[in-house]
Every structure is written in C-alpha cells, then in structure tokens.
Amino acid sequence: MQELMVYAGQLNCYEKGNEVLAKFKSVKVSATQLYRVTDTYGEQIGKEMDKTECTLTPVGQDDTLYVEADGAMLLTREESWKEVKAGRIFKASDCIRASGKPGYISHSQYIAHLGDSKTFTGQMDDLIESYGVTDSRLVFISDGAPWIRNWIEDAFPQAVSVLDFYHASEHLHAFVDCHFKEKNLGKQWAKEQKELLLESKVAMVIDNIKKIAGSEHKAAANLIAYYESNLSRMDYKKYKQIGCGIIGSGAIESTHRTLIQERMKLSGQRWSKRGAQNMLDLRATRMNAQWNKIIKLVKTNFKAAA
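In this report, the structure presented in the accompanying data block is examined. Computed from a prediction, not measured in an experiment: that's the story for all the values here.

Turning next to the environment of Arg 97. Along the chain, the position of Arg 97 falls in the loop between β3 (95–96) and β4 (104–105). Assessed through its relative accessible area of 60%, Arg 97 is described here as exposed. With 19 residues separating them in the primary sequence, Arg 97 and Asp 116 have C-alpha atoms 36 Å apart. Among residues more than four places away in sequence, those in contact with Arg 97 are Gly 103, Cys 244 and Ile 246. At a separation of 3.2 Å, a polar atom in the side chain of Arg 97 contacts the main-chain carbonyl oxygen of Cys 244.

Counted according to the given criterion, the structure contains 8 salt bridges. The shortest N-O distance in the salt bridge between Arg 274 and Asp 39 comes to 3.0 Å. Of this pair, Arg 274 sits in helix α12 (residues 273–287) while Asp 39 sits in helix α3 (residues 31–48), placing them 235 residues apart in sequence. A residue is classified by how much of its surface remains accessible, and Arg 274, at 41% relative accessible area, is partly exposed. With a shortest N-O distance of 3.6 Å, Glu 199 and Lys 237 are connected by a salt bridge.

This part covers the sheet that holds strand β5 (residues 109–114). Taken in spatial order, the 5 strands line up as β5-β2-β1-β6-β7 in an open sheet, and their pairing is mixed. The two strands at the open ends of the sheet, each matched to only one other strand, are β5 and β7 (160–163). The mean angle between the axes of side-by-side strands here comes to 25 degrees, regardless of whether they run parallel or antiparallel. When strand β6 (residues 138–142) meets β7, the two strands line up parallel, connected through 4 bridges. What sits directly across from Val 139, in β7, is Val 160.

We now examine the environment of Tyr 41. You can see Tyr 41 is positioned in helix α3. Owing to a relative accessible area of 0%, Tyr 41 belongs among the buried residues under this scheme. Taking the C-alpha atoms as reference points, Tyr 41 and Trp 271, 230 residues apart in sequence, are found 17 Å from one another.

What counts, and where the lines are drawn
Residues numbered from 1 in each chain as written. Predicted model: local features only at pLDDT ≥ 70, side-chain atom pairs only at ≥ 80, totals over all residues. Heavy atoms only, no water. Helix = DSSP H or I, 4+ residues; strand = E, 2+ residues; numbered from the N terminus. Buried < 20%, exposed > 50% of the residue type's maximum accessible area, 1.4 Å probe, protein only. Contact = heavy atoms within 4.5 Å. Polar contact = N/O pair within 3.5 Å; in protein donor to acceptor, adjacent residues only side chain to side chain. Salt bridge = Lys/Arg side-chain N within 4 Å of Asp/Glu carboxyl O. Pairing = 2+ DSSP bridges. Axes fitted to C-alpha atoms, helices over the stretch in contact; angles between N-to-C directions.

Below is the structure:
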C-alpha cells in the first residue's frame, strides 16, 4: 500500500492520488497522509541515490553518448522562483526513428538538482565519467548558457559541444522580426540563412547580416555576437554525421515537461526547497527505471517511519 501511495503521490497532485487510491483499492487515504508518505520516501531515496550508477547499457565502441542539460524555474516558498537544473543522458543506439513517425529515445538517464550549478555539474561529471566516454564519442547539446558552456569546456574538452540549432534559429528569427517590415521577405531570408547554417557556413550568415543591417544595428550586433561566441559549436554539417545526427535540444525540453512541469508546476503549487528536491528524486528514480529501489525501501523497517 505504501508503494502505491508513493507512486500515486509522485505521479500527480495529492488530491488526485487520493482519488485514484480510493477508486482502485477502495481505501480512503487523506491527501495529507499521502503527502507525508511520499515526501518521506522521497527524502530517503535522495539519501540513497548513487548519482554515479549507470542505468543505461554500456556504450559500444561504435556508439555515441549524448548529454543535454538545461535549467527550468520552479516556484518555492523560501526564494520565490528558483532554477531546477536537469540533465539527460542517452545513447545514439537508443534513438529510434520509424519511417513516417516522430523519433523517440527508448532509454535515458536523468538527474535533477534544485540549487547551484557546481553541485549539479559535479553530479553530472561523476555520472558521465562512469560511462567511460570522454572523447569525441561524447556529445553535448545545449542552448549556449555560459554556465553550461564553461562546464563542458573545463570538464570535457575533448567532447563535441553543439549549440542547439533551435536556439540558433530562434535568435535569427528575433533579428528578422525586428529588421524586416515585409514579413514574407523576412521569412524567406531567414529560411536561406538556416540552410546556410546547416551547411556550417556561419561566417557567410554573419556577412549577410552585416550586409542588410550593418554591425551598428542593435539586433544585428546581438545576433552577430551570439554567433561569434558560439562559432566553434555550430559545425552542424559535421554534427549531422555523428551518432544519430541530433543537433537539437528537444530531449532536454521534453525532460522539463515530463520530469518537472507535469507534476511540479500545476496551478497554485509552491514548494519548499527540501520537498521539491524529494519529489525530483522520486520522479527521476521512476524515469530511470529504478522503481525497485522504492520497493526495497518499503520492504525494510523504514516503512514504520513513513
């Protein structure tokens, strides 16, 4: 029963979990008790989680290990909005693409930390190194945030670091919206520049921006500076030939929704920092296919504490 309570509590708000338990088990449990049990197990699993334990199968010599990381804001009682840093690791061999259907990733490993980047990147370092891949078969994809870029450069200088193509395109469209009065003309120009980016012709795109707007134009200057600071991370033609050819951060954007938002950003929710981390650890445990660890806790004397 406690296992079911924890599963229901981490899956949806406690009122909904209470309703599901009553429907399927004909047992009435208050939302408060559901919270207490879920939070207690969440705290304990956080203490026992081995952040260096690999949940994916070994990375073969012909395989590629992908790492994506990003931050998402969560409303807390102590500090208002605070950033949750999430990481997702997966292999190229686990990226499934069926003809005519959207691709998906069959297996991933997740880490989520509510707090400073140093703690988060330390956890990620240990986990990545446990897979034994630190060369060009290790590929990072991110939005270009300085803390992520600096972490990759310092910890994994031999890895491939990719600027998410969506963010590269998003910055381009922001400039187009600001500069072009004729929307159709701007749309066509943006399409041509994205095709050049995919061919790794970033220098040509920068020249084209200067030709139509000049380097004194504020939006143009911002875009040029963004591209120049990420120039070494925009060789998209090369990246498309590595692993399964991923150049976008859709995997970590999906993580924000599935790991964090679906449970922790519902209407009116505000979390204590401790309670939020407990819930993040529970949801990461489930998504890492490690629910057996919760079952093990249930079978020990720890159930009396809950």
